Amino acid sequence: MPDNTALTYAKESDINDPLKNFREKFYIPFLHNKNAIYFLGNSLGLQPKSTQDEVLNIMEDWASYGVEGFFYGKNPWLHYSKQLLQPIAKIIGALPNEVVLMNHLTVNLHLMMISFYNPTPSRYKIICEAKAFPSDQYVFESQAKLHGFNAEDAIVEVSPKAGTEIISTDDIITAIEKNKDSAALVLFSAVNYYTGQVFDIKKITAAAHQYGMVAGFDLAHAAGNIALHLHEDEVDFACWCNYKYLNSGPGAIAGAYVNEKHLQHKNIKRLNGWWGNDVSNRFKMEKTFTPYPTAEAWQLSTPPLMLLAALHASLKIFEDAGFENLLQKQKKLSAYSFELLNDINAENKYFEILTPQSPAERGCQVSLAFHQKGKEVFEALSKNGVMTDWREPNVIRIAPVPLYNSFEEVYQFSEILKSIVTSN
Ligand SMILES: Cc1ncc(COP(=O)(O)O)c(C=O)c1O
């Protein structure tokens with residue numbers, strides 16, 4: 001039997017990794033005179049070396065053409081975002097006409113709720129996960145208030161069973177059934193930011209639809225991390241950011257998805273801006289708004305070209321690597337992380353693994369809860385060149401990602417962690 005916890009296994013896995021050369025395409029942070037083990041792809045993905053050139057192309061066209069860069073140059077700005085729709089649609093399992101790149105995640109969540117949260121006096125509740133990311137909680141609360149509802153009454157949170165952090169699909173469906181006459185919207189994250197749990201998008205959407213509710217998802221921790229099939233699963237809308245697994249830089253331009261079936265609704269409620277006006281009409285400067293026949297109808301403003309260029313650089317890498325290949329490596333890296341972490345805990349339990357053990361319910365992220373000295377462990381990891389993420393009150397999150405992390409890094413991390421927890 002090969003020993004999957006040995007360094008030789010990690011080294012061999014790296015040698016046989018068809019994606020091993022992709023690490024070279026990224027800048028790896030340098031800490032304490034060596035390359036850091038960067039396990040923060042779930043927070044801010046690393047910078048592709050090609051990003052600066054892609055952004056520079058825009059700067060050069062701006063210098064050469066001024067405003068005429070919209071029509072001339074290497075990649076005229078007027079239609080720049082079009083080339084990004086197909087690659088990003090592939091990653092989230094959508095059709096290109098269902099995708100728009102605009103704004104930031106929280107802004108897009110608000111814009112989507114303007115269109116898809118249509119409460120009536122009797123049907124107004126929003127069903128979501130307990131401990132959703134705080135920005136999402138503020139969005140739900142402010143949207144409920146905007147419509148004149150009391151947030152405490154309007155927001156139904158589905159909690160994990162006592163003693164666990166994982167929310168069962170059955171409990172989500174029960175909450176939907178219980179509120180079948182009073183809920184208007186079901187809005188979950190696809191991957192919970194704290195535990196790394198992957199929610200069952202297909203089942204949640206089907207249950208919401210069965211009782212006449214709209215189903216939306218926040219893909220912040222899912223886009224570029226796990227396989228998504230938004231169109232096939234008939235999700236109504238979704239939003240995501242591109243700075244985590246999609247490596248497009250701090251404050252990157254975000255995305256939104258609107259299911260094709262909603263694109264034909266002439267009277268859909270939407271906040272309009274001139275960039276959502278069909279391009280054939282946009283520059284006539286007339287009063288009439290003719291919505292783009294795609295999700296781009298939701299675009300309000302002139303797109304930020306430098307941010308689109310950074311996303312462009314990243315999506316080229318995803319295209320070259322092949323998202324299917326990335327998902328395969330992600331599964332192997334994640335299985336390897338679990339194997340080594342379970343091994344550390346084999347005799348003495350030093351931490352709880354909050355993330356589900358089942359591969360179908362997890363992506364890159366693993367969340368470790370420490371009952372004591374968690375902050376010290378986090379700081380010791382950092383001193384040893386391992387960059388992880390600390391979430392109050394007691395959780396260390398790691399996310400080994402397939403584009404630039406190696407099996408050997410996972411091995412080294414587990415050895416460092418073992419020596420910290422066993423000497424504490
Ligand atoms: C799940 C989730 N939702 C929303 C946000 C907020 O994103 P933004 O600051 O881009 O609006 C984040 C940020 O990390 C997040 O993780």
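Residues numbered from 1 in each chain as written. Predicted model: local features only at pLDDT ≥ 70, side-chain atom pairs only at ≥ 80, totals over all residues.

(A) Region of interest: helix H7 (residues 169-178). For H7, the complete set of buried residues consists of Ile172, Ala175 and Ile176. Along the axis of H7, the buried residues cluster in a sector spanning 100°; they form a single face. When the buried face of H7 is taken as reference, the exposed residues oriented beyond 90 degrees from it are Asp170, Glu177 and Lys178. Elements in contact with the buried residues of H7: strand S5 (125-129), strand S6 (155-158), strand S7 (183-189) and helix H8 (201-210). (Buried ≥ 20, exposed ≤ 12 C-beta atoms within 10 Å, placed from the backbone. Helix = DSSP H or I, 4+ residues; strand = E, 2+ residues; numbered from the N terminus. Arc of directions from axis to C-beta. Contact = placed C-beta atoms within 7 Å.)

(B) Summary view of the environment of glutamate 361. Along the chain, the position of glutamate 361 falls in the loop between strand S11 (352-353) and strand S12 (366-369). Counting along the chain gives 332 residues from glutamate 361 to proline 29, while the straight-line C-alpha distance between them is 30 Å. Each residue touching glutamate 361, except ones within four places of it in the same chain, is listed here: Gln197, Val198 and Pro356.

(C) Spotlight on helix H2 (residues 51-65). In a regular helix each residue adds 1.5 Å, so 15 residues correspond to 21 Å; H2 covers 21 Å between its end C-alpha atoms and thus fits that length. Thr51, Ile58 and Asp61 are the residues of H2 that are buried. Viewed end-on, H2 has its buried residues packed into an arc of 105°, placing them on one side of the element. Turned more than 90 degrees away from the buried face of H2, the exposed residues are Asp53, Leu56, Ala63 and Ser64. Looking at the buried residues of H2, the elements they touch are helix H11 (305-321). (Expected span 1.5 Å × (residues − 1).)

(D) Just the packing of helix H4 (residues 105-116) against helix H5 (residues 134-146), in detail. At their nearest, the axes of H4 and H5 sit 10 Å apart, and the two run at 30° to each other. Considering their axes alone, H4 and H5 lie roughly parallel with respect to each other. The handedness of the crossing between H4 and H5 comes out as right-handed. Together, Thr106, Leu109, His110 and Met113 of H4 and Ser135, Asp136, Val139 and Gln143 of H5 make up the contact between the two elements. A class-by-class count of the residues in the contact of H4 with H5 yields three nonpolar, four polar and one charged. (Axes fitted to C-alpha atoms, helices over the stretch in contact; angles between N-to-C directions. Parallel < 35°, antiparallel > 145°, perpendicular 65-115°, else oblique. Left-handed = near helix turned anticlockwise from the far one by under 90°. Nonpolar A, V, L, I, M, F, W, Y, C, P; charged D, E, K, R; others polar.)

(E) Inspection of the domain arrangement of the protein chain at higher detail. When its domains are assigned, the protein chain resolves into domain 1 (7-47 + 323-423) and domain 2 (55-319). Each of domain 1 and domain 2 was reduced to a C-alpha centroid, and the two centroids are 29 Å apart. Of the residues lining the interface, 25 residues belong to domain 1; the matching set on domain 2 comes to 24 residues. Elements with a minimum of two residues in the side of domain 1 that touches domain 2: helix H12 (323-344) and S12. For the side of domain 1 that touches domain 2, the residue count by class is twelve nonpolar, nine polar and four charged. (Domains from an automatic or database assignment.)

(F) Structural view of the site of the ligand. With respect to spatial proximity, the complete set of residues near the ligand consists of His104, Leu105, Thr106, Phe133, Ser135, Asp136, Ser189, Tyr193, Asp218, Ala220, His221 and Cys241. The set of elements that each furnish at least two residues to the shell around the ligand consists of H4 and H5. Residue classes in the shell around the ligand are distributed as five nonpolar, five polar and two charged. (Near = placed C-beta within 6 Å.)

(G) Summary view of the pairing of S12. Here two bridges tie S11 to S12, and the two strands are oriented antiparallel to one another. Among the inter-strand pairings, glutamate 352 is bridged to a residue of S12, identified as alanine 369. As paired elements, S12 and strand S15 (residues 395-398) share four bridges and run antiparallel to each other. Within S15, the residue paired with valine 366 across the bridge is isoleucine 398. (Pairing = 2+ DSSP bridges.)

(H) A look at the sheet that holds strand S9 (residues 237-240). Read from one edge to the other, the open sheet built from seven strands follows the order S4-S10-S9-S8-S7-S5-S6, with strand pairing classed as mixed. For this open sheet the edge positions go to strand S4 (99-101) and S6, each flanked by a neighbour on one side alone. Across this sheet, the average inter-strand angle for adjacent strands is 20°, counted without regard to direction. Strand direction decides the pairing type here: S5 and S6, joined by four bridges, are parallel. Bridge assignment links isoleucine 127 to a residue of S6, and that residue is valine 156. Of the strands in this sheet, S5, S6 and S7 are in contact with H7, which crosses S6 at around 155°.

(I) Expanded view of the environment of alanine 220. Tracing the sequence through the fold places alanine 220 in the loop between strand S8 (214-218) and S9. Overall, the presence of 26 C-beta atoms within 10 Å leaves alanine 220 in the buried class. It is 24 Å that separates the C-alpha atoms of alanine 220 and alanine 175, two residues lying 45 residues apart in sequence.

(J) Expanded view of unusual backbone geometry. With an omega of 5°, the peptide bond between glutamate 392 and proline 393 qualifies as cis. In this structure, proline 393 sits in the loop between strand S14 (389-391) and S15. In the Ramachandran plot, histidine 32 falls in the positive-phi region, its phi being about 50° despite a non-glycine side chain. Checked against the element boundaries, histidine 32 lands in the loop between strand S1 (30-31) and strand S2 (34-35).

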